Amino acid sequence: MAVDVIKTEKAPGAVGPYSQAIKAGDFLFASGQVALDPAKGKLVGGGVVDQAEQCMKNVGALLEAAGLSFDHVVKTTVYLTNIEYFGAVNEVYGKYFQKTLPARSCVAIANLPKGASVEVEVIAYCGK
């Protein structure tokens, strides 16, 4: 099975020993994206809505770098530092998935890297 590293400057670089995304066989596994502005390397200002929007833009950049779109995503995991953010993040998230809604998990956790409030990771199907 072929394994390819997916890398783009349109999404934040890894903040640890991992890849932005890996294409393995017919699947793309994207590392979780927090709301880092890829040009500045800093968390975007504003609240959780602004952070969710940047997370989704970062995910979109990884998908694009692999020649994919949000329509290829089959599974997501959303991490929130406060479950009360669920509704606001859900509204942003819903703008990006129009055609086929992927399976999803959403969990509240204590902390995220860089002080982020939300993180989104995806698995996409690259096959035909």
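Preceding block: the structure.
Residues numbered from 1 in each chain as written. Predicted model: local features only at pLDDT ≥ 70, side-chain atom pairs only at ≥ 80, totals over all residues. Heavy atoms only, no water.

1. As for helix 2 (residues 86-96)
Then comes step 1: The complete set of buried residues in helix 2 reads Val-89, Val-92, Tyr-93 and Tyr-96. Across the axial projection of helix 2, the buried residues extend over an arc of 100°, all falling on one side. The outward face of helix 2, more than 90 degrees from its buried face, is lined by the exposed residues Glu-91 and Lys-95.
Then comes step 2: On its buried face, helix 2 is in contact with helix 1 (48-65), strand 6 (73-80), strand 7 (103-108) and strand 8 (118-125). (Buried < 20%, exposed > 50% of the residue type's maximum accessible area, 1.4 Å probe, protein only. Helix = DSSP H or I, 4+ residues; strand = E, 2+ residues; numbered from the N terminus. Arc of directions from axis to C-beta. Contact = heavy atoms within 4.5 Å.)

2. Re the packing of helix 1 against helix 2
Then comes step 1: One can describe the packing of helix 1 onto helix 2 by two numbers: an axis separation of 9 Å at closest approach and a directional angle of 30°. Looking at the two axes, helix 1 sits roughly parallel to helix 2. The chirality of how helix 1 crosses helix 2 is right-handed. The residues of helix 2 that touch helix 1, namely those facing Val-48, Val-49, Ala-52, Glu-53, Met-56 and Lys-57, are Ala-88, Val-89, Val-92, Tyr-93, Lys-95 and Tyr-96. (Axes fitted to C-alpha atoms, helices over the stretch in contact; angles between N-to-C directions. Parallel < 35°, antiparallel > 145°, perpendicular 65-115°, else oblique. Left-handed = near helix turned anticlockwise from the far one by under 90°.)

3. Some details on the side chain of Thr-76
Then comes step 1: Along the chain, Thr-76 turns up in strand 6.
Then comes step 2: Judged by its relative accessible area of 0%, Thr-76 is buried.
Then comes step 3: At a separation of 2.8 Å, a polar atom in the side chain of Thr-76 contacts the side chain of Tyr-93.
Then comes step 4: In this structure Thr-76 touches Tyr-93, Phe-97, Pro-102, Ala-103, Arg-104, Ser-105, Glu-121 and Val-122, once residues within four positions along its chain are discounted. (Polar contact = N/O pair within 3.5 Å; in protein donor to acceptor, adjacent residues only side chain to side chain.)

4. A few points about unusual backbone geometry
Then comes step 1: Even without glycine at this site, Lys-114 takes up a positive phi of about 65°.
Then comes step 2: Along the polypeptide, Lys-114 turns up in the loop between strand 7 and strand 8.

5. With respect to the environment of Ala-110
Then comes step 1: With respect to the secondary-structure elements, Ala-110 resides in the loop between strand 7 and strand 8.
Then comes step 2: On the basis of relative accessibility, which here comes to 64%, the residue Ala-110 falls in the exposed class.
Then comes step 3: Residues Ala-110 and Leu-80, 30 residues apart in the sequence, show an inter-C-alpha distance of 8.3 Å.

6. Considering the environment of Ala-11
Then comes step 1: Relative to the helices and strands, Ala-11 resides in the loop between strand 1 (3-6) and strand 2 (21-24).
Then comes step 2: Sequence separation between Ala-11 and Ala-65 is 54 residues, and the spatial gap between their C-alpha atoms is 9.5 Å.
Then comes step 3: Not counting residues up to four positions away in its chain, the partners in contact with Ala-11 are Gln-20, Gln-33, Pro-38, Asn-58, Ala-61 and Leu-62.

Spatial relationships are all this shows, so hold off on functional conclusions.
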